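Summary of structural features
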Amino acid sequence: MQVSSISIAAKVPLRVKSLHTNPATINDPSSTATVAAPKWAQKTITLPPLKRGCHHVTSKIVKEVGQELSGFKCGLAHLFLHHTSASLTINENYDYDVRDDTETFLNRLVPEGPSAPWKHTLEGPDDMPAHIKSSMFGCALTIPITNGKLNMGTWQGIWLCEHRDYPTSRTIVVTLNGI
Amino acid sequence: MQVSSISIAAKVPLRVKSLHTNPATINDPSSTATVAAPKWAQKTITLPPLKRGCHHVTSKIVKEVGQELSGFKCGLAHLFLHHTSASLTINENYDYDVRDDTETFLNRLVPEGPSAPWKHTLEGPDDMPAHIKSSMFGCALTIPITNGKLNMGTWQGIWLCEHRDYPTSRTIVVTLNGI
Amino acid sequence: MQVSSISIAAKVPLRVKSLHTNPATINDPSSTATVAAPKWAQKTITLPPLKRGCHHVTSKIVKEVGQELSGFKCGLAHLFLHHTSASLTINENYDYDVRDDTETFLNRLVPEGPSAPWKHTLEGPDDMPAHIKSSMFGCALTIPITNGKLNMGTWQGIWLCEHRDYPTSRTIVVTLNGI
């Protein structure tokens, strides 16, 4: 779901005579042309609640910002998760066992429940472990844009890792910058 | 403390009739405007020594670069810590127990002292664990800018995690880019 | 090895008297200039196979993109590894024991072999641990550019961490953006 959107490109109208083939400059030699400077687009999207674990969400993200992405020949896409008990990471996009094994690893690594040493327990036994996992994987990703698409490796995908037992919808600020 | 600062905006003066204040576009080629291309600002700041542990430093960072941030309608703020024995991460901004529990987790995870398997011990027993913790959380953050402010979630804050026993001041290169 | 390269700067020709080479500003509206808007450069490089472990590759990276870097007074360099079984991190650039100790830590942290709990084992016992280590350290870095060079701390270097037993060449998309 789109919460808000900004999309801006600096345009400089000029009278020109000669043909510029540089895609960053002027396309129409015979009349007043428009020079497009680097563009910025920012959109806040919300992913529906996902159960505790690692989820491959590339298609969900591209569905929300694919149209904006298509306007960039070269640039960077920045994804910023607005939460401290979930995380974003890039990992294998094919075998769901990789996501399950990663969740298994995180749960073995971070103690949870009565034997855990945490002081911060008011929000439930899964809350403090969720904060730790969020800092381990991080809440942000920056991915290159090439020819209108996210330029990831063949086996790479965007994962949203939900670290809480009772998931909620998650907000991501997507910022696109390029030419 | 500011160590150095660069702040630049490409401006293209044009003969025009009326003043456009929108820095991003000119809608009327025959009208007056100064077109501002995307701006860059880079500033090196230094945080005073903080004791070993996780510290919420959002207000310290904003105090240093808030004025520069206010000039960006849409963009990205990049923070880069110039050290390998501390880290930057984003996590809970309210309950200090979350910071203490995270420090507890890091100290339980990374062995320290005579029983640790490290070869790199010349700089003290806390040095090699500090390097490992620095790569676990990372030394850089990129945060969206919206309407002149860091666009973080309600409960998110910037943490500087000091992993050495005898802290020193820490240098951060802040780079702002946007429109 | 360079696989592909894009390098573009938006230029706005104006009627003027003298040539300004400063890409960032025009100080005299009545004078001649070519105004260069922020530049983008994107290059895909490939690092040769490196044995399992942590490797300091700053010089290898700079050898590939140093010429492009030299054209930026202020900006950001983004490195994006196209793989899910290796990682990029920034850590100590001097004592190789730090790299060895970090590899020791990762191998102690992530179970491998018959006793490991992984379901994803078809690609070998080192594959699932490699995926986990890749998300722990991450596959991307963003580093400030100042006066044509990567602006890192005195002791910081770029590490490529190879998590597979039988290494292959690794592809990195480098995106430079600035003025």
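Residues numbered from 1 in each chain as written. Chains lettered and ligands numbered in written order. Predicted model: local features only at pLDDT ≥ 70, side-chain atom pairs only at ≥ 80, totals over all residues. Heavy atoms only, no water.

As for the overall build of chain A
- When helices and strands are tallied, chain A shows three helices and nine strands.
- Looking at chain A as a whole, 63% of its 179 residues are labelled buried.
- Working note: accessible area of chain A is about 7200 Å², and carbon and sulfur atoms make up 52% of it. (Helix = DSSP H or I, 4+ residues; strand = E, 2+ residues; numbered from the N terminus. Buried < 20%, exposed > 50% of the residue type's maximum accessible area, 1.4 Å probe, protein only. Areas by Shrake-Rupley, 256 points an atom, 1.4 Å probe, with all protein chains shown as cover.)

Quick look at empty space enclosed by the protein
- Tallied over the full model, the rule gives four cavities of 30 Å³ or more.
- Computed from the structure, the largest cavity encloses a volume of approximately 710 Å³.
- In terms of lining, the largest cavity is formed by 39 residues, of which the most central are Ala140 of chain A, Phe137 and Ala140 of chain B together with Phe137 and Ala140 of chain C.
- By volume, the second largest cavity is sized at about 140 Å³.
- For the lining of the second largest cavity, the residue count by class is six nonpolar, seven polar and no charged. (1 Å grid on protein atoms, 1.4 Å probe; cavity = no way out; pocket = protein on both sides within 12 Å on 5 of 7 lines; lining within 4 Å. Points joined across faces, edges and corners; volume = space filled by probe spheres on them. Nonpolar A, V, L, I, M, F, W, Y, C, P; charged D, E, K, R; others polar.)

Re the sheet that holds strand 8 (residues 156-162) of chain B
Residue and element names in this part refer to chain B.
- Across the sheet, which stays open at both edges, the three strands sit in the order 3-8-5 with antiparallel pairing between neighbours. Of all the strands in the sheet, the pair left with one neighbour each is strand 3 (53-56) and strand 5 (86-92). Across this sheet, the average inter-strand angle for adjacent strands is 30°, counted without regard to direction.
- Across seven bridges, strand 5 lies against strand 8 in antiparallel orientation. Note that in strand 8 the partner of Leu88 across the bridge is Leu160.
- Across the sheet, helix 2 (residues 96-109) is in contact with strand 3, strand 5 and strand 8; its angle to strand 3 comes to roughly 150°. (Pairing = 2+ DSSP bridges. Axes fitted to C-alpha atoms, helices over the stretch in contact; angles between N-to-C directions. Contact = heavy atoms within 4.5 Å.)

Looking at the sheet that holds strand 5 (residues 86-92) of chain C
Residue and element names in this part refer to chain C.
- Spatial ordering of the open sheet is given by 3-8-5, a layout of three strands whose pairing is antiparallel. A strand with exactly one partner marks an edge of an open sheet, and here the two such strands are strand 3 (53-56) and strand 5. Mean inter-strand twist for the sheet, computed between neighbouring axes without regard to direction, equals 30°.

Brief notes about the pattern of salt bridges
- Tallying each qualifying case throughout the model produces 27 salt bridges over all chains.
- One salt bridge in this structure joins Lys43 of chain A and Glu68 of chain A, with 3.3 Å as the shortest N-O distance. Note that Lys43 of chain A is positioned in strand 2 (residues 32-47) and Glu68 of chain A in helix 1 (residues 58-69), a separation of 25 residues in sequence.
- Of the charged contacts in the structure, one is a salt bridge between Asp97 of chain A and Lys119 of chain C, with a shortest N-O distance of 3.6 Å. Here Asp97 of chain A is found in helix 2 (residues 96-109), whereas its partner Lys119 of chain C is found in the loop between helix 2 (96-109) and helix 3 (127-137) on a different chain.
- Judged by relative accessible area, Lys119 of chain C falls into the partly exposed class, the value being 45%. (Salt bridge = Lys/Arg side-chain N within 4 Å of Asp/Glu carboxyl O.)

Notes on the pairing of strand 4 (residues 74-81) of chain B
Residues and elements named next belong to chain B.
- Burial analysis of strand 4 places eight of its eight residues in the buried class, which makes it a mostly covered element.
- Judged by which residues are buried, strand 4 turns out to be covered on both faces: Cys74, Leu76, His78 and Phe80 on one side and Gly75, Ala77, Leu79 and Leu81 on the other are all buried.
- As defined by bridge partners, strand 4 adjoins strand 6 (residues 140-146) across seven bridges and the pair is classed as antiparallel. Bridge pairing links Leu76 to Pro144 in strand 6.

Structural notes on the layout of surface pockets
- Computed from the structure, the second largest pocket encloses a volume of approximately 340 Å³.
- Taken together, 17 residues line the second largest pocket, and the ones lying closest to its centre are His83, Thr84, Glu123 and His131 of chain B together with Trp155 of chain C.

Considerations on the packing of aromatic side chains
- On inspection of all chains with the given rule, the structure shows three aromatic pairs over all chains.
- When the centroid spacing of 6.2 Å and the interplanar angle of 75° are considered together, the rings of Tyr94 of chain B and Trp155 of chain B count as edge-to-face. Pair noted here: Tyr94 of chain B is in the loop between strand 5 and helix 2 and Trp155 of chain B is in the loop between strand 7 (149-150) and strand 8, with a separation of 61 residues, a long-range link.
- The lysine or arginine in question, Lys39 of chain A, covers the ring of Phe72 of chain A, its NZ or CZ lying 4.7 Å from the ring centre. (Phe/Tyr/Trp six-rings, centres within 6.5 Å; stacked < 30°, edge-to-face > 60°. Lys NZ or Arg CZ within 6 Å of the ring centre and 35° of its normal.)

Let's talk about unusual backbone geometry
Residues and elements named next belong to chain A.
- Backbone geometry places Asn147, a non-glycine residue, at a positive phi of 50°.
- When you line up the elements, Asn147 lands in the loop between strand 6 (140-146) and strand 7 (149-150).
- Asn147 gets classed as exposed once you look at its relative accessible area, which sits at 54%.

Section: the packing of helix 3 (residues 127-137) of chain B against helix 2 of chain C
- Where helix 3 of chain B meets helix 2 of chain C, the closest approach of the two axes is 10 Å, and the angle between their N-to-C directions is 65°. Considering their axes alone, helix 3 of chain B and helix 2 of chain C lie roughly perpendicular with respect to each other. Helix 3 of chain B and helix 2 of chain C meet at a crossing whose hand is right-handed. Residues Met128, His131, Ile132 and Met136 of chain B of helix 3 of chain B form the contact with helix 2 of chain C, whose participating residues are Val98, Asp101, Thr102 and Phe105 of chain C.
- Each residue belonging to the contact of helix 3 of chain B with helix 2 of chain C can be placed in one class, and the counts come to five nonpolar, two polar and one charged. (Parallel < 35°, antiparallel > 145°, perpendicular 65-115°, else oblique. Left-handed = near helix turned anticlockwise from the far one by under 90°.)

Re helix 3 of chain B
- For helix 3 of chain B, the buried fraction is high: eleven of the eleven residues fall into the buried class.
- The positive-phi residue at the C-terminal boundary of helix 3 of chain B is Gly138 of chain B, with phi of around 90°.

Focus: the side chain of Asn91 of chain C
- Position of Asn91 of chain C among the secondary structure elements: in strand 5.
- Side-chain polar atoms of Asn91 of chain C contact the side chain of Ser135 of chain B, separated by 2.8 Å.
- When residues no more than four places from it in sequence are discounted, the contact partners of Asn91 of chain C are Thr84, His131 and Ser135 of chain B together with Val98, Trp155, Gln156, Gly157 and Trp159 of chain C. (Polar contact = N/O pair within 3.5 Å; in protein donor to acceptor, adjacent residues only side chain to side chain.)

Structural notes on the confidence of the model for chain A
Residue and element names in this part refer to chain A.
- Across chain A, the average pLDDT comes to 86, with 80% of residues at or above 70.
- Note that pLDDT drops below 50 for residues 10-35; the model gives that stretch 70 contacts with residues more than four away or on any other chain.
- Prediction confidence for the complex, expressed as pTM and ipTM, is 0.86 and 0.85 respectively. (pLDDT = per-residue confidence, 0-100.)

Some thoughts on the environment of Asn177 of chain B
All names here are of chain B.
- Note on placement: Asn177 falls in strand 9 (residues 170-178).
- Between the C-alpha atom of Asn177 and that of Phe105, which follows or precedes it by 72 residues, the distance is 35 Å.
- Within the local environment of Asn177, its side chain forms a polar contact with the side chain of Trp40, the two groups lying 3.4 Å apart.

Points about the environment of His83 of chain B
- Mapped onto the elements of the fold, His83 of chain B is located in the loop between strand 4 and strand 5.
- C-alpha of His83 of chain B to C-alpha of Cys139 of chain B: the two residues are 56 residues apart in sequence and 7.4 Å apart in space.
- When near neighbours in sequence (up to four residues on either side) are disregarded, His83 of chain B contacts Ser134, Cys139, Ser169, Arg170 and Thr171 of chain B together with Gln156 of chain C.
- A distance of 3.3 Å separates a polar atom in the side chain of His83 of chain B from a polar atom in the side chain of Arg170 of chain B.
- Engagement of the side chain of His83 of chain B in a polar contact is seen with the backbone nitrogen of Thr171 of chain B, the distance being 2.8 Å.

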